[in-house]
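Structural characterization, general
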Amino acid sequence: MMPGQDHMRTHLDNLSRALLRLHKALLDGERVTYERVHGRIPTNGAFFQLVLGDAWFAWLRPLSQMMARLDELTEGEDIADRAEITALIASVRTLLTPSEEGDGFGRHYYDALQRDPDVGLAHAAVRAELR
């Protein structure tokens, strides 16, 4: 491992864990909201299929993709290109900017933060890792 990579790996692992907690909180909150409208989702398998394919959950996919990319970049012995990681972290920071306006991720994220204290706590943990 190259010098400085231990620190970078620890930081990226912490960020990855914080993003996982945030993603889970968002999924849990969306499930509750979805079930209020459409009725109970019978199984976790059925929920997983909805997350993958239903338009209701589509707004979460950019976050899922960034998390997968982060995992790819940190696999293996050496950490991937630092510039690529820096760009990905900047993209995560931008994505996780709540917005009262519009109808994209930022708007859905804003609503989730207003609705669910668990999302707020997880958001704060991710923001701390992004500093």
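Residues numbered from 1 in each chain as written. Predicted model: local features only at pLDDT ≥ 70, side-chain atom pairs only at ≥ 80, totals over all residues. Heavy atoms only, no water.

**Quick notes on the overall build of the protein chain**
To keep things clear, this is the line we draw: In DSSP terms, a helix is any run of H or I states spanning at least four residues, a strand is any run of E spanning at least two, and both are numbered starting from the N terminus. With a 1.4 Å probe rolled over the protein chains alone, any residue whose accessible area is under 20% of its type maximum counts as buried; one over 50% counts as exposed, and the rest are partly exposed. Residue contacts are defined here by distance: any two heavy atoms, one from each residue, within 4.5 Å place the two residues in contact. Residue burial considers only the protein chains on display, and all accessible areas are found by Shrake-Rupley using a 1.4 Å probe. Charged-residue counts in this description rest on Lys and Arg as positive and Asp and Glu as negative, His and the chain ends being excluded. All charge positions are set by atom: Lys at NZ, Arg at CZ, Asp at CG, Glu at CD.
For the protein chain, the helix and strand inventory stands at 6 helices and 0 strands. Starting at the N terminus, the α and β elements of the protein chain follow one another as α-α-α-α-α-α. C-alpha atoms of the protein chain, sized along the principal axes, occupy 55 × 30 × 20 Å. Within the protein chain, the proportion of its 131 residues that are buried is 37%. By sequence separation, contacts in the protein chain at least 24 residues apart represent 62% of the contacts at least 6 residues apart. Accessible area for the protein chain stands at about 7,700 Å²; split by element, carbon and sulfur atoms hold 54% of it. Here the protein chain holds 15 positive side-chain charges and 20 negative ones, and the gap between their average locations is 4 Å.

**Focus on the confidence of the model for the protein chain**
Interpretation of this model should avoid reading the predicted coordinates in detail wherever pLDDT is low. For the record, the criterion: Residue-level confidence of the predictor is summarised by pLDDT, bounded by 0 at the bottom and 100 at the top.
Averaged over all residues, the pLDDT of the protein chain is 92; the fraction at 70 or higher stands at 96%. Model confidence for the protein chain, summarised as mean pLDDT per element, is weakest for helix 4 (residues 82-95) at 92 and strongest for helix 6 (residues 117-130) at 97.

**Observations concerning helix 3 (residues 61-74)**
So the rule is basically this: Working rule for helices: expected span equals 1.5 Å times residues minus one. As used here, the arc is the angular range of directions from the helix axis to the C-beta atoms.
The first and last C-alpha atoms of helix 3 sit 20 Å apart over 14 residues, in line with the 20 Å expected at 1.5 Å per residue. Three or more residues of helix 3 are buried, namely Leu63, Met66, Met67, Leu70, Leu73 and Thr74. For helix 3, the angular spread of the buried residues around the axis is 125°, confining them to a single face. On its buried side, helix 3 packs onto helix 1 (5-38), helix 4 and helix 5 (105-115). Immediately downstream of helix 3, the backbone of Gly76 shows phi near 80°, a positive value.

**Here's the deal with the environment of Asp116**
Considering the arrangement of structural elements, one finds Asp116 in the loop between helix 5 and helix 6. For Asp116, the residues in contact, after removing those within four places along its chain, are Ala25 and Gly29.

**Some points on the pattern of salt bridges**
Note the threshold: By convention in these notes, a salt bridge is any Lys or Arg side-chain nitrogen within 4 Å of a carboxyl oxygen on Asp or Glu.
All chains considered together, the criterion is met by 6 salt bridges. One salt bridge in this structure joins Asp111 and Arg107, with 3.1 Å as the shortest N-O distance. Placement of the pair is Asp111 and Arg107 together in helix 5, with a separation of 4 residues, close to one helical turn. Judged by its relative accessible area of 27%, Asp111 falls in the partly exposed class. Among the charged side chains, a salt-bridge network with shared partners connects Arg69, Glu72 and Glu84.

**Some remarks on the packing of aromatic side chains**
Selection rule: Geometry of aromatic contacts follows a simple scheme: Phe, Tyr and Trp rings, the Trp one being its six-membered ring, pair when their centres are within 6.5 Å, and the pair is stacked under 30 degrees between planes, edge-to-face over 60, tilted otherwise.
Under the criterion given, the structure shown has 5 aromatic pairs. One aromatic cluster is present, built from ring pairs that chain together Tyr34, Phe47, Trp56 and Phe57.

**Quick word on helix 6**
Quick note on the threshold: Two N or O atoms count as a polar contact when they lie within 3.5 Å, although within protein this holds only if one can serve as hydrogen donor and the other as acceptor, and sequence-adjacent residues are included solely when both atoms are side-chain atoms.
With 14 residues, helix 6 extends 20 Å between its outermost C-alpha atoms, agreeing within 8% with the 20 Å of an ideal straight helix rising 1.5 Å per residue. Among all positions in helix 6, only Val119, Ala122, His123, Val126 and Leu130 are buried. All buried residues of helix 6 lie within an arc of 105° about the axis, which places them on one face of the element. Facing away from the buried side of helix 6 by over 90 degrees, the exposed positions are Pro117 and Leu121. Close packing links the buried residues of helix 6 with helix 1, helix 4 and helix 5. N-capping of helix 6 is provided by Asp116, with a side-chain oxygen placed 2.9 Å from the backbone N of Asp118.

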